[in-house]
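The lines below spell out each chain.
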Amino acid sequence: MHNLILGAIVGLIIGAVSGATIIAPRLIQMPSQALIKETPEGSNDQIKKASGKPMTRLFQEKEHVRWRVASAYDSTVPQLGELGIRLENLVSALSDGAFQIKLHEPGALVQRNEMFDAVLSGTIDAAFAAPTFWPKQNPAFQLYSAIPFGPPAQEYLSWYFFGGGDEMLHSLYKRDKLHGLICGITSSAGSNWFRTPIESIEKLRLTKINIGGLGGMVVRQLGVQTVELEDSAILEAFQKGVIDGTEASQPAVDLYHQFYKIAQHYYFPGWHQPASFLHLIINAEAWSKLPTILKITLKTACNDNITHGLALAESRQFKALKEFTRHGVKIQTWSPKILSALRVSWAKTRKKLEKSSPSFKSVSNSLKEYRKKHAIWREISSGLPPN
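Q: How do you make sense of the packing of aromatic side chains when you look at a structure like this?
A: Following the criterion strictly, the structure yields 22 aromatic pairs and no others. On the numbers, 6.1 Å between centres and 80° between planes, the contact of Tyr73 with Phe128 is edge-to-face. In this pair, Tyr73 sits in the loop between strand 1 (65–71) and helix 5 (80–94) while Phe128 sits in strand 3 (residues 126–129), placing the two residues 55 residues apart along the sequence. Across the pair, Phe128 and Tyr73 agree in class, each one buried. Taking the centre distance of 6.4 Å and the plane angle of 85° together, the rings of Tyr144 and Tyr160 count as edge-to-face. Pair noted here: Tyr144 is in the loop between strand 3 and helix 7 (153–162) and Tyr160 is in helix 7, with a separation of 16 residues, a long-range link. Looking at Tyr144, the relative accessible area reads 0%, which means it is buried.

Q: Any chance you could explain the sheet that holds strand 10 (residues 276–283) here in plain terms?
A: Across a sheet, paired strands are connected by hydrogen bonds in the backbone, their directions being either parallel or antiparallel. The 5 strands are arranged 2-1-3-10-4 in an open sheet whose pairing can be described as mixed. The two strands at the open ends of the sheet, each matched to only one other strand, are strand 2 (99–104) and strand 4 (178–186). Within this sheet the neighbouring strands show an average axis-to-axis angle of 25°, counted without direction. Here 4 bridges tie strand 3 to strand 10, and the two strands are oriented antiparallel to one another.

Q: Honestly, the sheet that holds strand 9 (residues 265–268) in this entry has me stumped. Any pointers?
A: One open sheet holds the 6 strands; their spatial order is 7-6-8-5-9-11, and the pairing between them is mixed. The open sheet terminates on both sides in strands that have one partner only, identified here as strand 7 (225–227) and strand 11 (330–333). Averaged over all neighbouring strand pairs, the angle between strand axes comes to 25°, with direction disregarded. Relative to strand 11, strand 9 runs parallel, the two sharing 4 bridges. Counterpart to Tyr266 in the pairing with strand 11 is Ile331. Across the sheet, helix 14 (residues 292–326) touches strand 5 (192–194), strand 9 and strand 11, and the angle it forms with strand 9 is around 145°.

Q: So what exactly am I meant to see when it comes to unusual backbone geometry here?
A: A cis amide bond links Phe268 with the next residue in sequence, Pro269, at an omega value of 0°. In this structure, Phe149 takes a positive phi of about 55° despite not being glycine. With respect to the element layout, Phe149 can be found in the loop between strand 3 and helix 7. Look at Gln258: it is not a glycine, yet its phi comes out positive at around 60°. Position of Gln258 relative to the elements: it lies in the loop between helix 12 (251–257) and strand 9.

Q: Help me understand the state of the cysteines in this model?
A: By definition, a disulfide links the sulfur atoms of two cysteine residues through a covalent bond. As enumerated under the stated definition, the model contains 1 disulfide in all. Between the sulfur atoms of Cys183 and its disulfide mate Cys302 the distance is 1.8 Å. Disulfide Cys183 to Cys302: torsion about the S-S bond roughly 55°, handedness right-handed. Taken together, the residues span a long stretch of sequence, with Cys183 in strand 4 and Cys302 in helix 14 at a distance of 119 residues.

Q: Even after reading the chapter, I still don't get the pattern of salt bridges, so can you show me in this structure?
A: One side chain can pair with another of opposite charge once the charged atoms of both are near each other. One pass over the full model with this rule turns up 11 salt bridges. Among the charged side chains, a salt-bridge network with shared partners connects Arg112, Glu230 and Asp231.

Q: How should I be thinking about the confidence of the model for the protein in this particular structure?
A: Close inspection of predicted coordinates is inappropriate for parts of the model with low pLDDT. In the predicted model, the protein carries a mean pLDDT of 87, and the fraction of residues at 70 or more is 83%. Here residues 1–25 is a poorly scored stretch, pLDDT under 50, and it has 4 contacts once near neighbours within four places are set aside; other chains count. Note on residues 32–53: pLDDT under 50 across the span, and 23 contacts to partners over four residues away in sequence or across chains.

Q: Even after reading the chapter, I still don't get the nonpolar core, so can you show me in this structure?
A: One broad trend across soluble globular proteins is that nonpolar side chains are buried collectively. Core analysis: the largest hydrophobic core is formed by 87 residues, its most contacted members being Trp67, Phe128 and Leu298. With residues up to four places along the chain from it excluded, the contact list for Leu298 reads Trp67, Val91, Phe99, Leu181, Leu280, Ile282 and Trp287. Counting residues in each nonpolar core, the second largest holds 14 residues, with Tyr260, Ala263, Tyr266 and Phe324 among its members.

Q: Please explain the packing of helix 7 against helix 14 as it appears in this structure.
A: Each pair of packed helices can be summarised by the angle the axes make with each other and by the distance between the axes. Remark: helix 7 packs on helix 14, axes separated minimally by 12 Å, with the N-to-C direction vectors making an angle of 165°. In this view, helix 7 runs roughly antiparallel relative to helix 14, as classed from their interaxial angle. For the pair helix 7 and helix 14, the crossing hand works out as left-handed. Taken together, the residues of helix 14 that come into contact with helix 7 (itself represented by Ala153, Leu157 and Phe161) are Asn303, Ile306 and Leu310. Its residues assigned to classes, the contact of helix 7 with helix 14 shows 5 nonpolar, 1 polar and no charged.

Definitions and limits used
- Residues numbered from 1 in each chain as written.
- Predicted model: local features only at pLDDT ≥ 70, side-chain atom pairs only at ≥ 80, totals over all residues.
- Heavy atoms only, no water.
- Phe/Tyr/Trp six-rings, centres within 6.5 Å; stacked < 30°, edge-to-face > 60°.
- Helix = DSSP H or I, 4+ residues; strand = E, 2+ residues; numbered from the N terminus.
- Buried < 20%, exposed > 50% of the residue type's maximum accessible area, 1.4 Å probe, protein only.
- Pairing = 2+ DSSP bridges.
- Axes fitted to C-alpha atoms, helices over the stretch in contact; angles between N-to-C directions.
- Contact = heavy atoms within 4.5 Å.
- Disulfide = S-S within 2.5 Å.
- Salt bridge = Lys/Arg side-chain N within 4 Å of Asp/Glu carboxyl O.
- pLDDT = per-residue confidence, 0-100.
- Core = buried A, V, L, I, M, F, W, Y, C linked by side-chain atoms within 4.5 Å.
- Parallel < 35°, antiparallel > 145°, perpendicular 65-115°, else oblique.
- Left-handed = near helix turned anticlockwise from the far one by under 90°.
- Nonpolar A, V, L, I, M, F, W, Y, C, P; charged D, E, K, R; others polar.

Dropping the structure here:
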């Protein structure tokens, strides 16, 4: 018994010493100020102000609000379109019908690449999309979409809600006289579809790929030709030889688009999109006129859509992968050399953007610093390496 107790004490001492040796120095080097904020700024105060009366009475006292919203996604598209329709229904249900946001199919109100300007001008009240559809605006918006070799969904959300990401995004939209909310998320995507296998970086450079956003910039940095096509035009472009490959979404979404009918080589991991936010951009005047209780309603619906979207996405992919294999698709992984080249290209691309855009640099530095701190928790909690 004596030896058992002595052994336990020695084990605790060794554990404490080794833990202090390996982890503590990195923790000690961190700034002493709070690393995160506990609640989104202002949300508690707004709820207190708005909750003095029963919800039904609050909505009965307000005028009914109707918004025209352009969606970047067809309502039948799994996850992406689904989340837009779910947001529409949820806002109506939570407000007891007092607030209606009507999502319109792509192109019904404005073209997808015109949504940003249409919301800004007041032609429409809002748009539901990812910032990849307004690439000519401030490049910092792209850091709130699909980030090459970026954080996984849970870490991305942690930075957004508790690491300062939300304040920075609101500031970016405010400069453009808009208001923006994150109203959905998708987790890790596939990488690319090709008609022939890509075994080397040299062969990758000879391809022409349909890809946009930061991922498109990364492959262009490597010498790859890129185009940006509407979803409906991708299969025909494959058939006519206009493109050799296309960027992938999540398997369930790609199954809907039926890329497997033309391209049989499906590559992973989705280095260009470990996670992606879906935004609701709102005309500033429309937002300012919205009663506080309806602002809270919309934020609540958006946050619920994020949770639902993440769970939904994770539940769908295995079934889609099984269906691909049934159609003869070869599910492949990038070689370490190609992934390394892509990572180096992203570092160069990010450096150029940080140099040319102060806003991009500010958001990029915020995310990098947060990920550096979070890496310690990621490492000790899951055994994954810091990078």
